Structures are given as structure tokens and as C-alpha cells.
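Now for the letters of each chain:
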Amino acid sequence: YWLRSHAVKDGVPADCNRAYRRLFNLGVDYYKTVIDGIIQDGGSAIQVPMRIEYLEQYLTGYTFEYREFSSLFEQDDEKLGFWTRSATDPTHIIVSYNRCSIRVRQRYTKVHELMHFAHTVDLKFLDFLDDLILNTTLPEGVIVKLLERLTERAVAMYLMPNEYFKEKYFELRNEHGAF
């Protein structure tokens, strides 16, 4: 009881930490594969900074619309963004973001919400989620935290794809000599 309620680091109880880390690392590996696929599909068309359109192209069969929050109820410092399906077209996804956030944060939020949407249509991720829910003893709050942290890491990996930068660096270095 004490480990679950008092020994908590970053919102994860001490007795859940090992399972949390294992599942987090599995999720990160999965996202590395997805993001590498997006970059490979883009080929030489990929530009830095990574554009939202690359992720949209990965999510084929859907259209996306970005809207600023439009009512005082939605403008909440805690709520940076959310996504919904259009009431008239289930393949049209509306990503709403807080217009009070700085532009860089708005871009981050758009990609973050697209990643959350991708969770709902990616069969491999849905299998991971089913397995997570059915075969873990992690409390619900820890599972929610895990999914949110995975999404945050995925967005960071997407916006700053380290392997892509390394590859381009070595390509340019070999082409033009040492920097």
C-alpha cells in the first residue's frame, strides 16, 4: 500500500515503475518505426522543420482541419488542444488548438493531437493498447499517464527526428568535407 500511495515519482507509484518503463520503451520503439516509415515515405521531400503534412499523408483516407478554440469555455490554460471527428463525415478530423499559445506550441499541439488520433486507427497500436489494458496490473491513472507520455515522446521524435538529422549530417559532410 505504501509503495502505491506514497512512493511516487513523476506520477508513477514505485511498485509500477519497472512495468511502466518496460511498456514506455516498447511504445518508443514502436513510434521510432512509424516515424522512420514516414521519413522514408517522404524521401528527399522531407524538409526541416518537419511539417504536419507528412503525418497527414501517413494517415491516408482522412482529411484534417485545424481550428482555433472559438469559445470561452474551450479557452482554458490547461487545455492546449483536442481532436474530434466531423459530425457529417467520419473521415474528416478536426484538430482544435488554443490560439492563446505561442506558434511553436500550436504546432506541437497539432502534431500531438494527430498522434492521439493515430492511436485510434493504427491496428498495431490498438493491439498494444488492448494488451496493455488486459494484461497489466498498472492502475488506470498510470496507463493514462503512460499513453500521454508516449504521445509526447512521439511528437518530440517526429518534430526532431534524430536519425534523419544524423543521416543528413553525414551525407553533407561527405559531400562537402568536414564542417
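The preceding data block contains the structure.
Rules behind the numbers
- Throughout this document, residue positions are counted from 1 along each chain, in the order its sequence is written.
- Predicted model: local features are reported for residues with pLDDT of at least 70 only, side-chain atom pairs are reported and counted for 80 or more only, and whole-chain, interface and lining totals are derived from all residues.
- Neither water nor hydrogens contribute to the side-chain values; these are computed over all heavy atoms in the structure.
- Grouping buried Ala, Val, Leu, Ile, Met, Phe, Trp, Tyr and Cys residues that are joined through side-chain atoms within 4.5 Å yields what is termed a nonpolar core.
- With a 1.4 Å probe rolled over the protein chains alone, any residue whose accessible area is under 20% of its type maximum counts as buried; one over 50% counts as exposed, and the rest are partly exposed.
- Only runs of H or I of at least four residues qualify as helices and only runs of E of at least two qualify as strands under DSSP, and these elements are numbered from the N terminus.
- Any two residues whose heavy atoms approach within 4.5 Å are treated as being in contact.
- Method remark: on a 1 Å grid restricted to protein atoms, a set of points is classed as a cavity if a 1.4 Å probe fits but cannot get out and as a pocket if it is open with protein on both sides within 12 Å along at least five of seven lines; lining residues have an atom within 4 Å of a point.
- Grid points are joined across faces, edges and corners, and a volume is the space filled by probe spheres set on the points.
- Classification used: nonpolar for Ala, Val, Leu, Ile, Met, Phe, Trp, Tyr, Cys and Pro, charged for Asp, Glu, Lys and Arg, polar for all others including Gly.
- Lines fitted to the C-alpha atoms define the axes, with helices restricted to the stretch that makes contact. Angles between their N-to-C directions range from 0 to 180 degrees.
- To sort the angles, those under 35 degrees are grouped as roughly parallel, those over 145 as roughly antiparallel, those from 65 to 115 as roughly perpendicular, and the leftovers as oblique.
- Each crossing gets its hand from how the near helix is turned against the far one by less than a right angle, where anticlockwise is left-handed and clockwise is right-handed.
- Excluding any residue in a salt bridge, patches collect residues exceeding 30% relative accessible area, merging like charges within 9 Å and nonpolar Val, Leu, Ile, Met, Phe, Trp and Tyr side chains within 5 Å.
- Accessible areas in this description were obtained via Shrake-Rupley with a 1.4 Å probe; residue shielding takes into account the shown protein chains only.
- A pair is scored as a salt bridge if a Lys or Arg side-chain nitrogen falls within 4 Å of a carboxyl oxygen belonging to Asp or Glu.
- Positive charges are assigned to Lys and Arg, negative charges to Asp and Glu, while His and the chain termini are left out of the count.
- Where a charge lies is defined by one atom per residue type, namely NZ (Lys), CZ (Arg), CG (Asp) and CD (Glu).
- What a helix should span is 1.5 Å times the count of its residues minus one.

Peer 1: Mind laying out the nonpolar core, listing which residues take part and the relevant values?
Peer 2: Tyr-31, Leu-55, Val-111, Met-115, Leu-132 and Tyr-158 are the most contacted members of the largest nonpolar core, which totals 42 residues. Among the elements of the structure, α2 (17–42), α3 (52–58), β5 (92–97), α4 (103–121), α5 (123–134) and α6 (140–159) are those that each provide at least two residues to this core. Not counting the four nearest positions on each side in its chain, Tyr-31 is found in contact with Met-115, His-119, Phe-125, Leu-150, Ala-154 and Met-157.

Peer 1: Describe empty space enclosed by the protein, listing the residues and the values that go with them.
Peer 2: Scanning the entire structure with this criterion turns up 1 cavity of 30 Å³ or more. Each pocket or cavity is described by its volume, and for the largest cavity that value is around 60 Å³. Around the largest cavity, the lining residues are Tyr-30, Tyr-31, Val-34, Leu-55, Tyr-58, Met-115, Ala-118, His-119, Asp-122 and Phe-125. Contributing elements (two or more residues each) for the lining of the largest cavity: α2, α3 and α4. Split into classes, the residues belonging to the lining of the largest cavity amount to 8 nonpolar, 1 polar and 1 charged.

Peer 1: Give me the lowdown on the packing of α5 against α6, citing residues and values where you can.
Peer 2: At a minimum axis separation of 12 Å, α5 and α6 run at an interaxial angle of 155°. Looking at the two axes, α5 sits roughly antiparallel to α6. Read as a crossing pair, α5 and α6 show a hand that is right-handed. Contacts between α5 and α6 involve Phe-125, Phe-128, Leu-129 and Leu-132 on the former and, on the latter, Ile-143, Leu-146, Leu-147 and Leu-150. For the contact of α5 with α6, the class distribution of residues is 8 nonpolar, no polar and no charged.

Peer 1: Which residues make up a positive patch on the surface, and what values go with them?
Peer 2: Residues Lys-9, Arg-21, Lys-32 and Arg-153 make up a contiguous surface patch of positive charge. Looking at where Lys-32 falls in the secondary structure, it is placed in helix α2. Lys-32 gets classed as partly exposed once you look at its relative accessible area, which sits at 42%.

Peer 1: Can you tell me about the pattern of salt bridges, naming the residues and giving the values?
Peer 2: Under the definition given, this model contains 2 salt bridges. The residue Glu-53 makes a salt bridge to Arg-51 at a minimum N-O spacing of 3.1 Å. Taking relative accessible area as the criterion, Arg-51 reaches 35% and is therefore assigned partly exposed. Residue Glu-65 pairs with Arg-67 through a salt bridge whose shortest N-O separation is 2.8 Å. A relative accessible area of 39% means that Arg-67 is categorised as partly exposed.

Peer 1: Could you give an account of α6, with specific residues and numbers?
Peer 2: Taking 1.5 Å as the rise per residue, α6 with 20 residues should run 28 Å; its terminal C-alpha atoms sit 29 Å apart, in good agreement. Taken together, the buried positions of α6 are Val-142, Ile-143, Leu-146, Leu-147, Leu-150, Thr-151, Ala-154, Val-155, Met-157, Tyr-158 and Leu-159. Where α6 is buried, its residues meet β2 (12–13), α2, α3, α4 and α5.

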